[in-house]
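The primary structure of each chain is shown beneath.
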Amino acid sequence: MAVTRTFSIIKPDATRRNLTGAVTKMLEEAGLRVVASKRIQMSREQAEGFYAVHKERPFFNDLVSFMISGPVVVQVLEGEDAVKRNRDIMGATNPENADAGTIRKELAESIEANSVHGSDSEENAKIEIDYFFKPEEIVG
Ligand code: IDP
C-alpha cells in the first residue's frame, strides 16, 4: 500500500476541551504521522470556502459558526492509505453511530461538534492541504 497524505482538522470542541494531544495520540497510534500542524483561528470567509461543497445543506451556517467559534489545529497526516486510515480512526459523522475506539466515539460531543475533520478522498485531500498549507510548511 502506498504512503499517501490526508488533511485533518482538530475542531473547536476538541481544542476547547484541551484534547489536541489526545486526538493526535489516537491519529499516531493508528499509524499516521503528523508532517505539518498549525493552530489557527479560521475567519468566516475561510470556513465558508472550505465547506463550500456543503453550502446547500441545512446545517451549513451553523457548521461555519461552529468552526470559527474557537481555534482549530489543521494538520497534514502521512501514512499507508492515509485517507482511509484517518476516516477509520475518526469514526462515523454522528458519534452515536461511531464504533468504539474511534476518535468521535471516545471524544466527540455531537454530530456537529464531532472533534475532527478528515478528507474523504485523495483528490479532496490535495485540495484541502493546498487550502491551508504552503509546500514548505510540510516536512515529511
Ligand atoms: P464528515 O465530517 O464525517 O465527512 P460530512 O457529511 O462531510 O461529514 O459533514 C461535514 C461536517 O458537517 C460534519 O463533520 C459535522 O461537523 C457537520 N454535520 C454533518 N451533518 C450534520 C447534521 O446533520 N447536523 C449538524 N452538523 C452536521
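Along each chain, numbering runs from 1 in the same order as the chain's sequence is written. Restriction of local features to residues with pLDDT of at least 70 applies here, the model being predicted, together with a cutoff of 80 or more for giving and counting side-chain atom pairs; totals for whole chains, interfaces and linings are based on all residues. Side-chain metrics in this entry use all non-hydrogen atoms of the structure; hydrogen atoms and water are not considered.

- Looking at an unreviewed UniProt entry, one finds the protein chain named Nucleoside diphosphate kinase and attributed to Novosphingobium fluoreni.
- Per UniProt, the protein chain has the following entry under Subunit (unreviewed entry): "Homotetramer." UniProt positions are given in the numbering used here, feature names are shortened, and annotations may be inferred rather than shown by experiment.

### Some points on the site of the ligand
Thinking step 1. Think of it this way: one heavy atom of a residue within 4 Å of a molecule or strand is enough to make that residue near it. Around the ligand lies a shell formed by Lys-11, His-54, Arg-57, Phe-59, Leu-63, Arg-87, Thr-93, Arg-104, Ile-111, Glu-112 and Asn-114.
Thinking step 2. Take Lys-11: an N or O atom from its side chain is 2.9 Å from an oxygen atom of the ligand.
Thinking step 3. Within the side chain of Arg-104, an N or O atom sits 3.0 Å from an oxygen atom of the ligand.
Thinking step 4. Only the protein chains shown count as cover for residues, and all accessible areas are computed by the Shrake-Rupley method using a 1.4 Å probe. For the ligand, the protein covers 80% of the area, taking 530 Å² as the surface of the free molecule.
Thinking step 5. The rule is simple: put a 1 Å grid over the protein atoms alone, call a set of points where a 1.4 Å probe fits but cannot get out a cavity, call an open set with protein on both sides within 12 Å along at least five of seven lines a pocket, and count a residue as lining if it has an atom within 4 Å of a point. Just a note on the criterion: a molecule sits in a pocket or cavity if more than half of its atoms are within 2 Å of the grid points. Spatially, the ligand is embedded in the largest pocket.
Thinking step 6. Under the convention adopted here, Pro, Cys and the residues Ala, Val, Leu, Ile, Met, Phe, Trp and Tyr are nonpolar, Asp, Glu, Lys and Arg are charged, and Gly plus all remaining residues are polar. When grouped by side-chain class, the residues that make up the shell around the ligand number three nonpolar, three polar and five charged. Whenever two N or O atoms come within 3.5 Å, that pair is a polar contact, provided that in protein one can donate a hydrogen and the other can accept it, and provided that, for residues adjacent in sequence, both atoms are side-chain atoms.

### Topic: the packing of aromatic side chains
Thinking step 1. Two rings belonging to Phe, Tyr or Trp (six-membered ring only in the last case) form a pair when the distance between their centres is within 6.5 Å. Interplanar angles under 30 degrees mark stacking, angles over 60 mark edge-to-face geometry, and anything in between is tilted. For the coordinates displayed, the defined rule picks out six aromatic pairs.
Thinking step 2. Taken together through their ring pairs, the aromatic side chains of Phe-7, Phe-50, Tyr-51, Tyr-131 and Phe-132 make up a single cluster.

### Comments concerning the UniProt feature "domain: Nucleoside diphosphate kinase-like" (unreviewed entry) in the protein chain
Thinking step 1. When the UniProt feature table is mapped to this numbering, "domain: Nucleoside diphosphate kinase-like" (unreviewed entry) covers residues 3-140.
Thinking step 2. Numbering of helices and strands runs from the N terminus, with a helix taken as a DSSP run of H or I at least four residues long and a strand as a DSSP run of E at least two residues long. End-to-end, the C-alpha atoms of residues 3-140 are 11 Å apart, and along that stretch the chain is 40% helix and 20% strand.

### Quick word on the confidence of the model for the protein chain
Thinking step 1. Looking at the protein chain, the pLDDT average stands at 98 and 100% of residues meet or exceed 70.
Thinking step 2. For this predicted complex, the interface score ipTM comes out at 0.98, alongside a pTM of 0.98. One number per residue, pLDDT, summarises how confident the predictor is, and it ranges from 0 to 100.

### A short note on the side chain of Ser-115
Thinking step 1. Among the secondary structure elements, Ser-115 is positioned in the loop between α6 (103-107) and β4 (116-118).
Thinking step 2. Among the polar contacts listed, one links the side chain of Ser-115 to the side chain of Asp-13, at a separation of 2.8 Å.
Thinking step 3. Side chain to side chain, Ser-115 and Arg-17 meet in a polar contact 3.5 Å long.
Thinking step 4. By definition, residues are in contact when any of their heavy atoms lie within 4.5 Å. If sequence neighbours within four positions are ignored, Ser-115 has contacts with Ile-9, Ile-10, Lys-11, Asp-13, Ala-14, Arg-17, Ile-103, Leu-107 and Ala-108.

### Details of unusual backbone geometry
Thinking step 1. Residues other than glycine seldom take positive phi values, yet Asn-18 does so here, at roughly 60°.
Thinking step 2. In this fold, Asn-18 is placed in the loop between α1 (12-16) and α2 (20-29).
Thinking step 3. One non-glycine residue, Asp-81, lies in positive phi territory at about 50°.
Thinking step 4. With respect to the element layout, Asp-81 can be found in the loop between β3 (72-80) and α5 (82-90).

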